[in-house]
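Summary of the model geometry
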Amino acid sequence: MESNNWRLREGYPAVDWLTVANLSVMAVQDQAKGWDLDTWNRRGDEGGLFGPDLLAWIELLSRPLDVGRSGTWVNGRHRAALIAVSGALHIAVADPQSWRSDWD
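So, here is what we can say about the structure in this document. Starting from 1, residues in each chain are numbered consecutively following that chain's sequence as written. A pLDDT threshold of at least 70 governs which residues receive local features in this predicted model, and a stricter bar of 80 or more applies before side-chain atom pairs are shown or counted, although totals over entire chains, interfaces and linings include all residues. Computation of side-chain values: all heavy atoms of the structure, hydrogens and water removed.

With respect to the helices and strands, arginine 43 occurs in helix α2 (residues 37–46). In this analysis, two residues are considered to be in contact whenever any of their non-hydrogen atoms come within 4.5 Å of each other. Filtering out sequence-adjacent residues up to four positions away, arginine 43 remains in contact with Leu23, Met26, Ala27, Asp30, Trp35 and Trp57. Going along the chain from the N terminus, every DSSP run of H or I of four or more residues is numbered as a helix, and every run of E of two or more is numbered as a strand.

Inspection of the secondary structure assignment puts asparagine 75 in strand β2 (residues 73–75). For asparagine 75 and arginine 63, which are 12 residues apart along the polypeptide, the C-alpha to C-alpha distance reads 7.3 Å. When near neighbours in sequence (up to four residues on either side) are disregarded, asparagine 75 contacts Arg63, Pro64, Leu65 and Asp66.

Quick look at the structure:
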């Protein structure tokens, strides 16, 4: 199931993108680098996320919103559109200079 389809198709769970976005900003303000998947997952859980919201949260680390050096989307364009519609003003995105997942 792709998160960018969750609000677009009947029967898919809705994600509270505003809450996910706000929590991501708080998380990276507390710790800008060095997140692993378990710690990120725990932060979302402690922030009250569960179900589809927690899955979308985890995806921010495993498949981050990524704007390339040239300013074009690399990953997350559809999720970013849903986040914008939610009213979120800020969200954590990958640093195009340094982001590499631990599993690459």
